[in-house]
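Close look at the chain arrangement
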Amino acid sequence: MSFDVVDLLREIEDIGRDPIRGGWSRHVFDPAERALLAWFVARAESLGLDVETDRNGNVWAWWGARCPGTVAVGSHLDSVPGGGAYDGPLGVVSALSAVARLQAEGFVPAVPVTIAVFAEEEGSRYGVACLGSKLMGGSIDPERVAALTDGGGRTFADAAAAHGLDPAGLGRDDARIADLAAFVELHVEQGRGLIELGHPVAVASAILAHGRYRLTFSGEGNHAGTTRMADRHDPVVAFAETALAASRIAGEGDDHVHAARATVGRVVPVPGGSNVIASRVDAWLDVRADDDAAAYALRERIVAAAHGAARAQGCTLEVVEESYGPQVVFDAAVQRRLLDILGDVPVLATGAGHDAGVLGDVLPTAMLFVRNPTGVSHAPSEGASDDDCRAGVDALTAVLRDLAGGVG
Ligand code: HGY
Ligand code: MN
Ligand code: MN
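Residues numbered from 1 in each chain as written. Chains lettered and ligands numbered in written order. Predicted model: local features only at pLDDT ≥ 70, side-chain atom pairs only at ≥ 80, totals over all residues. Heavy atoms only, no water.

Looking at the packing of helix α9 (residues 235–253) against helix α10 (residues 292–312)
Packed helices, taken two at a time, are described by the angle between their axes plus the distance between the axes. Across the interface, α9 lies against α10 with an axial gap of 9 Å and an inter-helix angle of 150°. Compared by their axis directions, α9 and α10 come out roughly antiparallel. The hand of the α9/α10 crossing is right-handed. Judged by residue contacts, A238, E241, T242, A245, A246, I249, A250 and E252 of α9 engage L298, R301, I302, A305, A306, A309 and A310 from α10. (Axes fitted to C-alpha atoms, helices over the stretch in contact; angles between N-to-C directions. Helix = DSSP H or I, 4+ residues; strand = E, 2+ residues; numbered from the N terminus. Parallel < 35°, antiparallel > 145°, perpendicular 65-115°, else oblique. Left-handed = near helix turned anticlockwise from the far one by under 90°. Contact = heavy atoms within 4.5 Å.)

Now the structure itself:
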(Lines give C-alpha, C1' and ligand atoms only; values in the text may rest on other atoms or scores of the structure.)
(Ligands and ions follow the chains in the order given, each with its own letter.)
Protein backbone atom coordinates (compact mmCIF):
# COMPACT_ATOMS: atom_id res chain seq x y z
CA MET A 1 0.00 0.00 0.00
CA SER A 2 1.61 3.21 -1.21
CA PHE A 3 1.45 6.44 0.80
CA ASP A 4 3.13 8.44 -1.91
CA VAL A 5 1.12 11.66 -2.18
CA VAL A 6 0.65 11.26 -5.93
CA ASP A 7 -0.61 7.69 -5.55
CA LEU A 8 -3.02 8.77 -2.82
CA LEU A 9 -4.41 11.57 -4.98
CA ARG A 10 -4.91 9.12 -7.82
CA GLU A 11 -6.89 6.84 -5.51
CA ILE A 12 -9.50 9.54 -4.82
CA GLU A 13 -9.55 11.36 -8.15
CA ASP A 14 -12.86 9.81 -9.24
CA ILE A 15 -14.73 10.48 -5.99
CA GLY A 16 -17.18 13.34 -6.46
CA ARG A 17 -16.52 14.13 -10.13
CA ASP A 18 -19.33 16.40 -11.31
CA PRO A 19 -20.61 15.25 -14.73
CA ILE A 20 -22.78 18.36 -15.14
CA ARG A 21 -20.58 21.21 -13.94
CA GLY A 22 -17.24 19.54 -14.53
CA GLY A 23 -14.62 19.36 -11.84
CA TRP A 24 -15.54 17.93 -8.46
CA SER A 25 -18.51 18.55 -6.12
CA ARG A 26 -17.98 17.19 -2.62
CA HIS A 27 -20.28 18.92 -0.13
CA VAL A 28 -20.62 18.21 3.58
CA PHE A 29 -22.76 15.16 4.38
CA ASP A 30 -23.26 14.44 0.65
CA PRO A 31 -22.44 10.89 -0.62
CA ALA A 32 -19.21 11.99 -2.36
CA GLU A 33 -17.88 13.80 0.70
CA ARG A 34 -18.82 10.86 2.92
CA ALA A 35 -17.05 8.47 0.53
CA LEU A 36 -13.94 10.65 0.62
CA LEU A 37 -14.06 10.77 4.40
CA ALA A 38 -14.47 6.98 4.57
CA TRP A 39 -11.41 6.61 2.35
CA PHE A 40 -9.44 8.90 4.66
CA VAL A 41 -10.50 6.95 7.76
CA ALA A 42 -9.48 3.64 6.18
CA ARG A 43 -6.11 5.02 5.12
CA ALA A 44 -5.50 6.60 8.52
CA GLU A 45 -6.43 3.39 10.34
CA SER A 46 -4.08 1.44 8.08
CA LEU A 47 -1.32 3.63 9.58
CA GLY A 48 -2.48 2.63 13.05
CA LEU A 49 -4.05 6.04 13.75
CA ASP A 50 -7.09 6.27 16.01
CA VAL A 51 -9.88 8.14 14.25
CA GLU A 52 -12.65 10.11 15.95
CA THR A 53 -15.25 12.71 15.00
CA ASP A 54 -15.53 15.74 17.26
CA ARG A 55 -18.71 17.41 18.44
CA ASN A 56 -18.68 19.73 15.42
CA GLY A 57 -18.25 17.09 12.73
CA ASN A 58 -14.50 17.54 12.26
CA VAL A 59 -12.56 14.26 11.96
CA TRP A 60 -9.23 13.64 13.75
CA ALA A 61 -6.76 10.80 13.18
CA TRP A 62 -4.42 10.39 16.19
CA TRP A 63 -0.84 9.15 16.23
CA GLY A 64 -0.39 8.85 19.99
CA ALA A 65 -2.89 9.35 22.81
CA ARG A 66 -4.39 12.85 22.84
CA CYS A 67 -2.83 15.21 25.39
CA PRO A 68 -1.54 18.78 25.60
CA GLY A 69 1.31 19.55 23.22
CA THR A 70 -0.29 17.85 20.25
CA VAL A 71 0.81 18.94 16.76
CA ALA A 72 -1.98 18.98 14.18
CA VAL A 73 -1.76 18.91 10.40
CA GLY A 74 -4.50 18.41 7.80
CA SER A 75 -7.07 20.52 5.95
CA HIS A 76 -10.54 19.80 4.48
CA LEU A 77 -12.07 17.38 1.96
CA ASP A 78 -15.17 19.28 0.88
CA SER A 79 -15.16 21.39 -2.29
CA VAL A 80 -16.93 24.23 -4.02
CA PRO A 81 -19.43 23.17 -6.70
CA GLY A 82 -17.50 22.02 -9.76
CA GLY A 83 -14.24 22.82 -8.03
CA GLY A 84 -10.73 21.46 -8.31
CA ALA A 85 -9.36 18.23 -6.84
CA TYR A 86 -6.54 19.77 -4.80
CA ASP A 87 -8.17 22.53 -2.71
CA GLY A 88 -8.38 20.75 0.63
CA PRO A 89 -7.55 17.13 -0.27
CA LEU A 90 -3.91 17.98 -1.03
CA GLY A 91 -3.46 19.02 2.60
CA VAL A 92 -5.17 15.93 3.99
CA VAL A 93 -3.40 13.52 1.65
CA SER A 94 -0.03 15.19 2.25
CA ALA A 95 -0.54 14.79 5.99
CA LEU A 96 -1.17 11.05 5.55
CA SER A 97 1.93 10.81 3.39
CA ALA A 98 4.08 12.73 5.88
CA VAL A 99 2.97 10.56 8.83
CA ALA A 100 3.56 7.40 6.79
CA ARG A 101 7.05 8.61 5.90
CA LEU A 102 7.93 9.37 9.52
CA GLN A 103 6.64 5.98 10.63
CA ALA A 104 8.64 4.25 7.89
CA GLU A 105 11.75 6.06 9.14
CA GLY A 106 11.10 4.69 12.63
CA PHE A 107 10.46 8.20 13.95
CA VAL A 108 8.72 8.25 17.32
CA PRO A 109 7.14 11.64 18.10
CA ALA A 110 7.63 13.05 21.58
CA VAL A 111 4.09 14.43 21.49
CA PRO A 112 0.93 13.22 19.73
CA VAL A 113 0.46 14.08 16.08
CA THR A 114 -3.05 14.37 14.67
CA ILE A 115 -4.45 14.78 11.18
CA ALA A 116 -7.54 17.00 11.12
CA VAL A 117 -10.23 17.03 8.45
CA PHE A 118 -12.43 20.08 8.98
CA ALA A 119 -16.10 20.04 8.01
CA GLU A 120 -17.78 22.40 5.51
CA GLU A 121 -14.70 24.53 4.89
CA GLU A 122 -16.10 25.88 1.63
CA GLY A 123 -19.53 26.63 3.03
CA SER A 124 -20.98 25.21 -0.20
CA ARG A 125 -23.98 23.62 1.50
CA TYR A 126 -24.76 25.97 4.42
CA GLY A 127 -23.22 29.21 3.18
CA VAL A 128 -20.73 29.75 6.01
CA ALA A 129 -17.04 29.34 5.17
CA CYS A 130 -14.91 27.26 7.56
CA LEU A 131 -17.98 26.16 9.49
CA GLY A 132 -16.31 23.26 11.32
CA SER A 133 -13.31 25.26 12.48
CA LYS A 134 -15.47 28.29 13.35
CA LEU A 135 -17.63 26.04 15.56
CA MET A 136 -14.55 24.50 17.20
CA GLY A 137 -12.95 27.89 17.83
CA GLY A 138 -16.16 29.45 19.07
CA SER A 139 -16.32 32.22 16.47
CA ILE A 140 -19.86 31.38 15.38
CA ASP A 141 -23.05 30.93 17.38
CA PRO A 142 -23.85 27.19 17.44
CA GLU A 143 -27.58 27.88 17.63
CA ARG A 144 -27.33 29.93 14.46
CA VAL A 145 -25.46 27.05 12.82
CA ALA A 146 -28.01 24.45 13.93
CA ALA A 147 -30.74 26.48 12.20
CA LEU A 148 -28.83 27.03 8.93
CA THR A 149 -30.63 25.45 6.01
CA ASP A 150 -29.31 24.06 2.74
CA GLY A 151 -30.85 24.60 -0.70
CA GLY A 152 -33.42 21.93 0.03
CA GLY A 153 -34.45 23.54 3.32
CA ARG A 154 -32.81 20.87 5.50
CA THR A 155 -31.27 22.28 8.67
CA PHE A 156 -27.67 21.67 9.69
CA ALA A 157 -29.00 20.23 12.95
CA ASP A 158 -31.09 17.67 11.12
CA ALA A 159 -28.34 16.64 8.72
CA ALA A 160 -25.74 16.57 11.50
CA ALA A 161 -27.98 14.38 13.67
CA ALA A 162 -28.47 12.02 10.74
CA HIS A 163 -24.67 11.64 10.69
CA GLY A 164 -24.28 10.91 14.38
CA LEU A 165 -23.72 14.41 15.78
CA ASP A 166 -25.66 15.89 18.69
CA PRO A 167 -26.85 19.35 17.57
CA ALA A 168 -26.93 20.39 21.24
CA GLY A 169 -23.20 19.64 21.45
CA LEU A 170 -22.12 22.05 18.69
CA GLY A 171 -19.77 24.80 19.76
CA ARG A 172 -16.40 25.83 21.10
CA ASP A 173 -14.22 22.84 22.02
CA ASP A 174 -12.01 24.21 24.81
CA ALA A 175 -10.48 20.87 25.74
CA ARG A 176 -9.43 20.14 22.19
CA ILE A 177 -8.04 23.64 21.71
CA ALA A 178 -6.04 23.26 24.94
CA ASP A 179 -4.47 20.03 23.67
CA LEU A 180 -3.21 21.56 20.42
CA ALA A 181 0.23 23.20 20.48
CA ALA A 182 0.07 24.09 16.80
CA PHE A 183 -1.83 23.43 13.58
CA VAL A 184 0.02 23.53 10.25
CA GLU A 185 -2.16 23.34 7.14
CA LEU A 186 -0.65 22.49 3.77
CA HIS A 187 -2.72 23.79 0.85
CA VAL A 188 -2.45 24.14 -2.88
CA GLU A 189 -1.70 27.76 -3.71
CA GLN A 190 -4.76 29.49 -5.16
CA GLY A 191 -2.88 32.04 -7.20
CA ARG A 192 0.29 32.60 -9.21
CA GLY A 193 2.68 33.65 -6.45
CA LEU A 194 4.90 30.57 -6.51
CA ILE A 195 4.90 30.49 -10.32
CA GLU A 196 6.29 34.01 -10.36
CA LEU A 197 8.75 33.27 -7.55
CA GLY A 198 9.89 29.96 -9.05
CA HIS A 199 9.52 27.99 -5.81
CA PRO A 200 7.52 24.78 -5.16
CA VAL A 201 6.60 25.65 -1.57
CA ALA A 202 5.94 28.81 0.46
CA VAL A 203 4.99 29.72 4.02
CA ALA A 204 1.83 31.79 4.50
CA SER A 205 1.92 35.25 6.01
CA ALA A 206 -1.67 36.55 5.92
CA ILE A 207 -5.23 36.06 4.63
CA LEU A 208 -7.54 38.77 3.31
CA ALA A 209 -10.65 39.77 5.22
CA HIS A 210 -13.63 37.97 3.65
CA GLY A 211 -17.35 38.64 3.81
CA ARG A 212 -20.23 36.80 2.15
CA TYR A 213 -23.63 38.51 1.80
CA ARG A 214 -26.97 37.35 0.46
CA LEU A 215 -28.68 40.13 -1.53
CA THR A 216 -32.41 39.63 -2.13
CA PHE A 217 -33.92 41.95 -4.75
CA SER A 218 -37.73 41.86 -4.75
CA GLY A 219 -39.85 43.29 -7.58
CA GLU A 220 -43.04 42.34 -9.39
CA GLY A 221 -43.35 39.03 -11.17
CA ASN A 222 -45.19 39.39 -14.45
CA HIS A 223 -45.61 38.28 -18.04
CA ALA A 224 -42.63 38.80 -20.36
CA GLY A 225 -44.84 39.55 -23.33
CA THR A 226 -47.67 41.64 -22.01
CA THR A 227 -45.82 43.87 -19.54
CA ARG A 228 -44.61 47.17 -21.04
CA MET A 229 -40.98 48.00 -20.25
CA ALA A 230 -42.03 51.21 -18.48
CA ASP A 231 -44.34 49.24 -16.19
CA ARG A 232 -41.79 46.75 -14.92
CA HIS A 233 -40.19 46.28 -11.49
CA ASP A 234 -37.60 43.77 -12.57
CA PRO A 235 -35.20 42.50 -9.84
CA VAL A 236 -32.97 40.91 -12.47
CA VAL A 237 -32.19 44.35 -13.89
CA ALA A 238 -31.48 45.71 -10.40
CA PHE A 239 -29.18 42.75 -9.75
CA ALA A 240 -27.39 43.16 -13.09
CA GLU A 241 -26.65 46.82 -12.42
CA THR A 242 -25.39 45.85 -8.95
CA ALA A 243 -23.05 43.23 -10.36
CA LEU A 244 -21.60 45.77 -12.79
CA ALA A 245 -21.22 48.34 -9.99
CA ALA A 246 -19.52 45.79 -7.70
CA SER A 247 -16.99 44.93 -10.40
CA ARG A 248 -16.28 48.61 -11.11
CA ILE A 249 -15.99 49.62 -7.44
CA ALA A 250 -13.71 46.73 -6.50
CA GLY A 251 -11.63 47.24 -9.63
CA GLU A 252 -10.89 50.80 -8.54
CA GLY A 253 -9.16 49.50 -5.39
CA ASP A 254 -7.57 46.24 -6.55
CA ASP A 255 -3.95 46.64 -7.61
CA HIS A 256 -0.46 45.33 -6.83
CA VAL A 257 -0.45 47.09 -3.50
CA HIS A 258 -4.00 46.65 -2.22
CA ALA A 259 -6.60 43.91 -2.68
CA ALA A 260 -10.25 44.76 -3.26
CA ARG A 261 -12.30 41.94 -4.78
CA ALA A 262 -16.01 41.51 -5.30
CA THR A 263 -17.62 38.48 -6.87
CA VAL A 264 -21.13 37.24 -7.53
CA GLY A 265 -20.82 33.59 -8.44
CA ARG A 266 -24.30 32.45 -7.52
CA VAL A 267 -27.58 34.03 -8.66
CA VAL A 268 -31.07 32.51 -8.35
CA PRO A 269 -33.99 34.27 -10.09
CA VAL A 270 -37.41 33.27 -8.76
CA PRO A 271 -39.50 31.70 -10.21
CA GLY A 272 -36.95 31.23 -13.01
CA GLY A 273 -39.16 30.98 -16.10
CA SER A 274 -37.73 32.09 -19.43
CA ASN A 275 -40.98 33.92 -20.30
CA VAL A 276 -41.44 35.35 -16.81
CA ILE A 277 -40.30 38.61 -15.26
CA ALA A 278 -38.77 37.43 -11.99
CA SER A 279 -40.45 38.43 -8.75
CA ARG A 280 -37.24 37.99 -6.80
CA VAL A 281 -33.51 37.48 -7.26
CA ASP A 282 -31.22 36.02 -4.61
CA ALA A 283 -27.56 36.81 -5.26
CA TRP A 284 -24.51 36.03 -3.15
CA LEU A 285 -21.81 38.71 -2.93
CA ASP A 286 -18.27 37.68 -1.94
CA VAL A 287 -16.11 40.61 -0.79
CA ARG A 288 -12.38 40.43 0.02
CA ALA A 289 -9.97 43.19 1.06
CA ASP A 290 -6.69 43.77 2.91
CA ASP A 291 -8.24 44.25 6.33
CA ASP A 292 -11.57 44.57 8.11
CA ALA A 293 -11.91 48.32 7.60
CA ALA A 294 -11.24 48.00 3.87
CA ALA A 295 -13.65 45.09 3.54
CA TYR A 296 -16.33 47.05 5.40
CA ALA A 297 -15.82 50.12 3.21
CA LEU A 298 -15.93 48.05 0.03
CA ARG A 299 -19.08 46.27 1.13
CA GLU A 300 -20.77 49.57 2.08
CA ARG A 301 -20.07 51.09 -1.34
CA ILE A 302 -21.41 48.06 -3.16
CA VAL A 303 -24.50 47.79 -0.96
CA ALA A 304 -25.22 51.51 -1.48
CA ALA A 305 -25.02 50.95 -5.23
CA ALA A 306 -27.32 47.94 -4.88
CA HIS A 307 -29.93 49.96 -3.01
CA GLY A 308 -29.76 52.63 -5.71
CA ALA A 309 -30.20 50.02 -8.43
CA ALA A 310 -33.16 48.51 -6.59
CA ARG A 311 -34.85 51.90 -6.15
CA ALA A 312 -34.37 52.74 -9.81
CA GLN A 313 -36.31 49.59 -10.69
CA GLY A 314 -39.00 50.10 -8.09
CA CYS A 315 -37.66 47.06 -6.24
CA THR A 316 -36.66 46.47 -2.65
CA LEU A 317 -33.39 45.02 -1.38
CA GLU A 318 -32.54 42.97 1.70
CA VAL A 319 -28.87 42.34 2.59
CA VAL A 320 -27.93 39.55 5.01
CA GLU A 321 -24.36 38.81 6.13
CA GLU A 322 -24.00 35.02 5.88
CA SER A 323 -20.32 34.65 6.68
CA TYR A 324 -17.43 36.82 7.76
CA GLY A 325 -13.78 36.06 8.30
CA PRO A 326 -11.52 38.86 9.56
CA GLN A 327 -8.07 39.49 8.14
CA VAL A 328 -5.59 36.88 9.40
CA VAL A 329 -1.92 37.53 10.18
CA PHE A 330 -0.28 34.21 10.99
CA ASP A 331 1.59 33.61 14.26
CA ALA A 332 5.04 35.10 13.75
CA ALA A 333 6.78 32.61 16.02
CA VAL A 334 5.44 29.55 14.19
CA GLN A 335 6.10 31.22 10.85
CA ARG A 336 9.71 31.88 11.93
CA ARG A 337 10.03 28.27 13.09
CA LEU A 338 8.86 26.97 9.72
CA LEU A 339 11.28 29.23 7.88
CA ASP A 340 14.12 28.04 10.11
CA ILE A 341 13.17 24.42 9.34
CA LEU A 342 12.64 24.90 5.61
CA GLY A 343 15.37 27.39 4.88
CA ASP A 344 15.07 29.45 1.73
CA VAL A 345 11.31 29.44 0.99
CA PRO A 346 9.22 32.50 0.19
CA VAL A 347 6.50 33.95 2.39
CA LEU A 348 3.16 34.60 0.66
CA ALA A 349 -0.15 36.20 1.57
CA THR A 350 -3.35 34.78 0.16
CA GLY A 351 -6.84 35.93 -0.75
CA ALA A 352 -8.30 32.52 0.12
CA GLY A 353 -9.72 31.69 3.52
CA HIS A 354 -8.60 28.60 5.44
CA ASP A 355 -9.29 26.68 8.64
CA ALA A 356 -5.77 27.52 9.79
CA GLY A 357 -6.76 31.17 9.50
CA VAL A 358 -9.90 30.70 11.59
CA LEU A 359 -8.13 28.68 14.30
CA GLY A 360 -5.33 31.24 14.43
CA ASP A 361 -7.56 33.09 16.91
CA VAL A 362 -7.29 30.30 19.49
CA LEU A 363 -3.98 28.51 18.86
CA PRO A 364 -0.69 28.93 16.95
CA THR A 365 -1.29 28.10 13.30
CA ALA A 366 0.67 28.26 10.07
CA MET A 367 0.28 27.29 6.43
CA LEU A 368 2.41 25.83 3.68
CA PHE A 369 1.48 26.53 0.06
CA VAL A 370 2.31 24.20 -2.83
CA ARG A 371 2.80 25.70 -6.30
CA ASN A 372 -0.18 25.52 -8.64
CA PRO A 373 1.02 25.68 -12.26
CA THR A 374 -2.24 27.15 -13.51
CA GLY A 375 -2.69 29.59 -10.63
CA VAL A 376 -6.40 28.77 -11.01
CA SER A 377 -8.51 27.48 -8.11
CA HIS A 378 -12.16 26.71 -7.41
CA ALA A 379 -12.20 25.34 -10.95
CA PRO A 380 -11.23 22.02 -12.60
CA SER A 381 -7.88 23.31 -13.88
CA GLU A 382 -6.59 23.79 -10.30
CA GLY A 383 -3.59 21.55 -9.74
CA ALA A 384 -0.03 20.87 -8.63
CA SER A 385 2.70 18.90 -10.38
CA ASP A 386 3.70 15.51 -8.99
CA ASP A 387 7.15 16.88 -8.13
CA ASP A 388 5.69 19.88 -6.31
CA CYS A 389 3.23 17.69 -4.41
CA ARG A 390 6.20 15.62 -3.24
CA ALA A 391 8.12 18.79 -2.37
CA GLY A 392 5.15 19.78 -0.24
CA VAL A 393 5.27 16.48 1.61
CA ASP A 394 9.02 16.86 2.10
CA ALA A 395 8.35 20.23 3.73
CA LEU A 396 5.45 19.02 5.84
CA THR A 397 7.45 15.98 6.98
CA ALA A 398 10.35 18.20 8.02
CA VAL A 399 8.00 20.52 9.89
CA LEU A 400 6.28 17.62 11.67
CA ARG A 401 9.60 16.01 12.59
CA ASP A 402 10.74 19.28 14.15
CA LEU A 403 7.52 20.36 15.88
CA ALA A 404 6.71 16.88 17.23
CA GLY A 405 10.21 16.40 18.62
CA GLY A 406 10.96 12.80 19.28
CA VAL A 407 13.61 10.48 17.99
CA GLY A 408 14.42 8.43 14.96
O1 HGY B 1 -13.41 30.88 -0.29
C2 HGY B 1 -12.28 30.70 0.16
O3 HGY B 1 -11.50 31.61 0.26
C4 HGY B 1 -11.84 29.33 0.60
O5 HGY B 1 -11.45 28.61 -0.52
N6 HGY B 1 -12.86 28.65 1.34
MN1 MN C 1 -11.54 26.70 -1.41
MN1 MN D 1 -9.30 25.16 0.86
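Structure's up, so let's keep going.
Some remarks on the nonpolar core
Membership of the largest hydrophobic core comes to 59 residues, with the highest contact counts inside it found for F40, L90, L96, I115, V184 and L368. For this core, the leading source of residues is helix α3 (residues 89–104), giving nine residues. Residues in contact with F40, not counting those within four places in the same chain, are V59, A61, L77, V92, L96, I115 and V117. (Core = buried A, V, L, I, M, F, W, Y, C linked by side-chain atoms within 4.5 Å. Buried < 20%, exposed > 50% of the residue type's maximum accessible area, 1.4 Å probe, protein only.)

Some points on unusual backbone geometry
Following V270, the chain continues into P271 via a peptide bond in cis, with omega recorded as 10°. Mapped onto the elements, P271 comes out in the loop between β9 (260–270) and β10 (276–277). Here the phi dihedral of F29 falls at roughly 70°; this positive angle occurs in a residue that is not glycine. Secondary-structure assignment places F29 in the loop between α1 (5–12) and α2 (31–46). Residue classification places F29 among the buried residues on the basis of a relative accessible area of 9%. The backbone of H378 sits at a positive phi, close to 60°, despite the residue not being glycine. One can find H378 in the loop between β15 (365–370) and α13 (386–403). Looking at H378, the relative accessible area reads 38%, which means it is partly exposed.

Digging into the sheet that holds β9
Spatial strand order, β9-β11-β7-β12: four strands in an open sheet with antiparallel pairing. Strands at the two margins of the open sheet, each flanked by one partner only, are β9 and β12 (316–325). If you compare each strand with its neighbour and ignore which way they point, the axes differ by 20° on average. When strand β7 (residues 209–218) meets strand β11 (residues 280–289), the two strands line up antiparallel, connected through ten bridges. Looking at β11, one finds that A209 is bridged to A289. The sheet contacts of α9 involve β7, β9 and β11, and relative to β9 the element is tilted by about 170°. Along the sheet, α10 contacts β7, β9, β11 and β12; its crossing angle with β12, the most-contacted strand, is approximately 160°. (Pairing = 2+ DSSP bridges.)

Thoughts on the coordination of the manganese ion (ligand 2)
Those protein atoms acting as donors to the manganese ion (ligand 2) are D87 (OD), E122 (OE), E122 (OE) and H378 (NE2), and they sit at 2.0 to 2.8 Å. Here the donor residues of the manganese ion (ligand 2) share one chain and are spaced in sequence as D-x34-E-x255-H. Between the manganese ion (ligand 2) and the manganese ion (ligand 3) the interatomic distance amounts to 3.5 Å, and D87 serves as a bridging ligand to the pair. Separated by 291 residues along the polypeptide, D87 in the loop between β3 (70–76) and α3 and H378 in the loop between β15 and α13 bring together distant segments of the chain. (Donors = N, O, S within 2.8 Å, 3.2 Å for Na, K, Ca; no water.)

Some points on the pairing of β15
Judged by how many residues are buried, β15 sits mostly within the fold: six of six residues are covered. Residues of β15 alternate between two faces, with T365, M367 and F369 on one and A366, L368 and V370 on the opposite face, all of them buried. Pairing geometry for strand β5 (residues 180–188) and β15, over six bridges, is parallel. By the bridge assignment, L186 is partnered in β15 with L368. Looking at chain direction, strand β6 (residues 201–207) and β15 are connected through three bridges and run antiparallel. Pairing of A202 across the sheet is with F369, part of β15.

Examining the coordination of the manganese ion (ligand 3)
Around the manganese ion (ligand 3), the donor atoms from the protein are H76 (NE2), D87 (OD) and H187 (NE2), and they sit 2.1 to 2.2 Å away. Here the donor residues of the manganese ion (ligand 3) are spaced in sequence according to H-x10-D-x99-H.

Remarks on the site of ligand 1
The environment of ligand 1 is made up of D87, E121, E122, Q190, R288, A352, G353 and H378. In the model, a nitrogen atom of ligand 1 is placed 3.0 Å from a nitrogen or oxygen of the E121 side chain. Surface burial for ligand 1 is 97%, taken as the share of its 210 Å² of free accessible area covered by protein chains. Its residues placed into classes, the shell around ligand 1 shows one nonpolar, three polar and four charged. (Near = heavy atom within 4 Å. Polar contact = N/O pair within 3.5 Å; in protein donor to acceptor, adjacent residues only side chain to side chain. Areas by Shrake-Rupley, 256 points an atom, 1.4 Å probe, with all protein chains shown as cover. Nonpolar A, V, L, I, M, F, W, Y, C, P; charged D, E, K, R; others polar.)

Some points on the domain arrangement of the protein chain
Assigned domains of the protein chain: these are domain 1 (5–208 + 327–404) and domain 2 (209–325). The C-alpha-based centres of domain 1 and domain 2 are spaced at 32 Å. At the interface, 13 residues of domain 1 touch 15 residues of domain 2. Of the roughly 960 Å² buried at the junction of domain 1 and domain 2 (both faces included), carbon and sulfur atoms supply 37%. At the boundary of domain 1 and domain 2, one finds zero salt bridges. In this structure, the connection of domain 1 to domain 2 is made through nine residue pairs in polar contact (both at pLDDT 80 or more). (Domains from an automatic or database assignment. Buried area = accessible area lost by both parts, 1.4 Å probe. Salt bridge = Lys/Arg side-chain N within 4 Å of Asp/Glu carboxyl O.)

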